[in-house]
Amino acid sequence: MTSKGRLLIIGGKEDRKDTKVEIKDANKDFIPHEILKLLVKSNDDRIEVITTASSEPESMKEIYQKTLTDLGYTNFDFLHICDEYIHSDYHFKRISNAKAVFFTGGDQNRICEELRQSAISDLLKEKYTHEEDFTIAGTSAGAMCMGKIIICEALNGEAILDHDIELGAGLGFIKNCIIDTHFVHRGRFGRLAHASILHPDHLGVGLGEDTALLIENGEQATCKGSGMAVIINAQELKQTNKDFAEKGDPIYAENLKVHILTDGCSLQLNDGTMKGNL
């Protein structure tokens, strides 16, 4: 579905005040703060930073207070939305007036439990669908919660084993993607491949650190940042034992397709086609 707003999903550890991007000196195309500069188009546009995923919201507030100020943003504040405030008119009005809403990292399950069936989630979907240039952004867990299906918990093992992954319902801003973050650094290929095999109508999106996809018009995704995004496509699977495997059985799959995107590459989410950055 075409949307007037934008989504910015980030793999974690984006270049900011408290992080050191390991590839910074090796990648000749590195652009400082490239990802967070995409939050809004004008420095005085309103940004609301949602710390709901974090068990230490004050720490998150301190980090992003410094980072956003350094980037020249002048109109931002923080909301730690939990059950006590989920129906607050104050929170609702603040998000109504925002040009960008940014979900920090932490626990994706916490975000989904608090917001999934709330008026705030409905408001975000309404703004994303109808408001020109409105941006919903998230990093780490804040990105993982964006899909209709999320990875709640999974093992990173030497084999993909049946029943070693737990999937749940996300916020649903992206209908046909399952998102994983810290993808390369934490060796998460197996768990995202497993999720994609179980749901072949969904693309698996594995985001490296300091790497993002900027999604426009609901389907045009452009890679930003210094690392890579790995796209797993199980739509044309041939041999697989996913339907008859028993608990603990290793899962196999034939014809699982993988794309690697780097800065400037693009992907059509509706059909999985990729375009390089030449």
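See the structure above.
So, a few notes on the structure that sits alongside this text. (Residues numbered from 1 in each chain as written. Predicted model: local features only at pLDDT ≥ 70, side-chain atom pairs only at ≥ 80, totals over all residues. Heavy atoms only, no water.)

Quick word on the packing of aromatic side chains
And step 1. Summed over the entire model, instances satisfying the criterion amount to three aromatic pairs.
And step 2. Relative to F102, the ring of Y64 has its centre 5.1 Å away and its plane inclined at 65°; by these criteria the two rings are edge-to-face. Here the residue Y64 occupies a position in helix α1 (residues 57-70), and F102 occupies one in strand β4 (residues 100-103), the gap between them amounting to 38 residues.
And step 3. Geometrically, the ring pair formed by F76 and F78 is edge-to-face, given 6.1 Å between the ring centres and 85° between the ring planes. F78 carries the same exposure label as F76, and that label is buried.
And step 4. The residue whose ring lies beneath K127 is F134, and the NZ or CZ to ring-centre distance is 4.6 Å. (Phe/Tyr/Trp six-rings, centres within 6.5 Å; stacked < 30°, edge-to-face > 60°. Helix = DSSP H or I, 4+ residues; strand = E, 2+ residues; numbered from the N terminus. Buried < 20%, exposed > 50% of the residue type's maximum accessible area, 1.4 Å probe, protein only. Lys NZ or Arg CZ within 6 Å of the ring centre and 35° of its normal.)

Some thoughts on the pattern of salt bridges
Note on pairing: side chains with opposite charge can pair once their charged atoms come close.
And step 1. Counted under the stated rule, the structure contains 14 salt bridges.
And step 2. The partner of D29 in a salt bridge is K28, and the shortest N-O contact between them spans 3.6 Å.
And step 3. The exposure class of D29 is partly exposed, given its relative accessible area of 48%.
And step 4. A salt bridge links R94 to E48; the nearest nitrogen and oxygen atoms lie 2.7 Å apart. Placement of R94 in helix α2 (residues 89-96) and of E48 in strand β2 (residues 47-50) is noted, with a sequence separation of 46 residues between them.
And step 5. Accessibility expressed as a relative area gives 0% for E48, which makes it buried.
And step 6. By sharing partners, the salt bridges in this structure join R46, E48, D77 and R94 into a single network. (Salt bridge = Lys/Arg side-chain N within 4 Å of Asp/Glu carboxyl O.)

Remarks on the pairing of strand β1 (residues 6-10)
And step 1. For β1, the tally of buried residues reaches five of five residues, placing the bulk of the element in the interior.
And step 2. Here β1 shows two buried faces, one formed by R6, L8 and I10 and the other by L7 and I9.
And step 3. For β1 and strand β5 (residues 135-139), the ladder comprises five bridges, and the chain directions are parallel. Opposite I10, over in β5, you have T139 as the bridge partner.
And step 4. Of the strand pairs in this sheet, β1 and strand β10 (residues 211-216) are connected by five bridges, and their pairing is antiparallel. Across the sheet, residue I9 finds its bridge partner in β10, namely L213. (Pairing = 2+ DSSP bridges.)

Points about the sheet that holds strand β9 (residues 203-207)
And step 1. Taken in spatial order, the four strands line up as β8-β9-β12-β13 in an open sheet, and their pairing is mixed. Of all strands in the sheet, those bounded by a partner on one side alone are β8 (177-180) and β13 (257-261). Mean inter-strand twist for the sheet, computed between neighbouring axes without regard to direction, equals 20°.
And step 2. As paired elements, β9 and strand β12 (residues 229-233) share four bridges and run antiparallel to each other. Following the sheet pairing, V205 is matched in β12 by I231. (Axes fitted to C-alpha atoms, helices over the stretch in contact; angles between N-to-C directions.)

Points about the state of the cysteines
And step 1. The full count for this structure, using the stated rule, is zero disulfides.
And step 2. A disulfide-free cysteine, C145 has its sulfur positioned 5.2 Å from the sulfur of C112, the nearest such atom.
And step 3. By relative accessible area, C145 is classed as buried at 0%.
And step 4. Distance from the sulfur of C152, which forms no disulfide, to the nearest cysteine sulfur (C112) is 7.4 Å. (Disulfide = S-S within 2.5 Å.)

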